[in-house]
Every structure is written in structure tokens, then in C-alpha cells.
Amino acid sequence: MTEVVQERITVRAPAAAVYAAVSDVRRMGEWSPECVGATLDAPGSPLAVGSTFRGHNRQGRWRSWTTRCTVTAAEPGRCFAFDVRLGGALVSTWRFELTPAADGGTEVVQSWWDRRGPARRRIGALTSGIRDRSRHNRDGMRRTLAALKVSVECAAPPHR
């Protein structure tokens, strides 16, 4: 069974500005409580479908890990998504979908799909200390989107 968690927020900024932020994965550490940043495998090139990067993560003081990520969707102003692998195994998919909001801003829907099987979920709970990854990620997504909203709105021209 694949579990999906989604959270949404409206950002008072154009979709192009929101897309520029979420597709610059090196900035994710500015907003996320768990991801501390990313390293592009081909610095200087815009991320496109098939591009790869390493995601750097930390949980608490002692637990840190790096994942291998592959971009699966890169539609400026509309959608950015990537698959995450750990130890060669697909563990999750992350996606940001952008749509026009009624007030002229952008609705951002962040989704996470748990791609691990039951055995990997049990191992993940033991190694990470996180028993309910869905609840943990939902909380992290809410915090990430709130911080993204502040960041993008502060950088965007005044909303009309």
C-alpha cells in the first residue's frame, strides 16, 4: 500500500516565483525542519526531468542521512517533483503542484508518497526513531509550507 500525505497553502506571489523557490532544492533547508539542504550533481544547470541531486537530512541531534534524488517533473510555474532513494531503494516521492488562487496568488499543494514496503517501514522506524512517518511528514510539510510562504511573499513584488 502506498500512503499519500498532502498539505496546501496559498502564497500571495506569482507561480513563477513559487516555482523558482521550490525547484531550487538547495534552499529547502531554509524552510524544512528535517531537510537541511541539497547538493546538485550538475551545479550550474537548471533542474530538469532526469536531473539528480543529493538531499541532506537531519532528525534530532544525532541522526543524519543523505538521499539520492531524481527529478520526475519540472514544469515551470506548474509542478516540481522528485523521487528519493536511500541505499538504492525507492523510499518516497515529493511533489509541489502550483495552481492559480482566487486572489491572484498561487495555491501550493505539497504531496509525499511513501514508497517503502512494510519491512522498510519497520526498519525506518527503528533507525530514525519516527514511528509514524506520515504524521511526522504532515507536521513537517505544514511548517515547510508556512516558511516557504513567508520567504516567497517577502521576496515578491507587492501583491495587487
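Provided above is the structure to which this section pertains.
This report concerns the structure included in the present document. Source: prediction; values computed, not measured. (Residues numbered from 1 in each chain as written. Predicted model: local features only at pLDDT ≥ 70, side-chain atom pairs only at ≥ 80, totals over all residues. Heavy atoms only, no water.)

### Re the layout of surface pockets
Thinking step 1. Considered as a void within the structure, the largest pocket measures approximately 900 Å³ in volume.
Thinking step 2. For the lining of the largest pocket, the class distribution of residues is 19 nonpolar, 14 polar and five charged. (1 Å grid on protein atoms, 1.4 Å probe; cavity = no way out; pocket = protein on both sides within 12 Å on 5 of 7 lines; lining within 4 Å. Points joined across faces, edges and corners; volume = space filled by probe spheres on them. Nonpolar A, V, L, I, M, F, W, Y, C, P; charged D, E, K, R; others polar.)

### Brief notes about helix 2 (residues 118-128)
Thinking step 1. Gly124, Ala125 and Ser128 are the residues of helix 2 that are buried. What you see down the axis of helix 2 is that its buried residues fit within an arc of 100°, all on one side. Facing away from the buried side of helix 2 by over 90 degrees, the exposed positions are Arg122, Ile123, Leu126 and Thr127.
Thinking step 2. On its buried face, helix 2 sits against strand 3 (52-59), strand 4 (63-75) and helix 3 (133-155).
Thinking step 3. Phi turns positive one or two residues past the end of helix 2, at Gly129, with a value near 80°. (Buried < 20%, exposed > 50% of the residue type's maximum accessible area, 1.4 Å probe, protein only. Helix = DSSP H or I, 4+ residues; strand = E, 2+ residues; numbered from the N terminus. Arc of directions from axis to C-beta. Contact = heavy atoms within 4.5 Å.)

### A closer look at the sheet that holds strand 6 (residues 89-100)
Thinking step 1. Pairing within the open sheet is antiparallel, and its seven strands lie in the order 1-7-6-5-4-3-2. Each having just a single partner strand, strand 1 (3-11) and strand 2 (35-40) make up the two edges of the open sheet. Adjacent strand axes in the sheet meet at a mean angle of 25° when their direction is disregarded.
Thinking step 2. Taken strand by strand, helix 1 (residues 15-22) contacts strand 1, strand 4, strand 5 (79-86), strand 6 and strand 7 (106-114), and its axis lies near 160° from that of strand 6. (Pairing = 2+ DSSP bridges. Axes fitted to C-alpha atoms, helices over the stretch in contact; angles between N-to-C directions.)

### A closer look at the nonpolar core
Thinking step 1. Core analysis: the largest hydrophobic core is formed by 30 residues, its most contacted members being Phe53 and Phe80.
Thinking step 2. Here Phe80 is in contact with Tyr19, Val22, Ser23, Val25, Leu47, Val71, Ala73, Ala74, Trp94, Arg95 and Phe96, once residues within four sequence places are set aside. (Core = buried A, V, L, I, M, F, W, Y, C linked by side-chain atoms within 4.5 Å.)

### Topic: the pattern of salt bridges
Side chains that carry opposite charge are capable of pairing whenever their charged atoms lie near each other.
Thinking step 1. Under the defined criterion, the tally for this structure stands at 14 salt bridges.
Thinking step 2. The salt bridge partner of Glu30 is Arg27, with a shortest N-O separation of 3.0 Å.
Thinking step 3. One salt-bridge network, held together by shared partners, links Glu7, Arg138 and Arg142. (Salt bridge = Lys/Arg side-chain N within 4 Å of Asp/Glu carboxyl O.)

### What about the pairing of strand 7?
Thinking step 1. In terms of burial, strand 7 is a largely internal element, eight of the nine residues being buried.
Thinking step 2. Here nine bridges tie strand 1 to strand 7, and the two strands are oriented antiparallel to one another. Note that in strand 7 the partner of Arg8 across the bridge is Val109.
Thinking step 3. Note that strand 6 and strand 7 share nine bridges and pair antiparallel.

### Here's the deal with the side chain of Glu7
Thinking step 1. Here Glu7 is to be found in strand 1.
Thinking step 2. Overall, Glu7 belongs to the buried group, its relative accessible area being 13%.
Thinking step 3. Polar contacts involving the side chain of Glu7 include one to the side chain of Arg138, which spans 2.6 Å.
Thinking step 4. Separated by 3.3 Å, the side chains of Glu7 and Arg142 make a polar contact.
Thinking step 5. Excluding its chain neighbours within four sequence positions, the residues that come into contact with Glu7 are Val108, Val109, Gln110, Arg138, Met141, Arg142 and Leu145. (Polar contact = N/O pair within 3.5 Å; in protein donor to acceptor, adjacent residues only side chain to side chain.)

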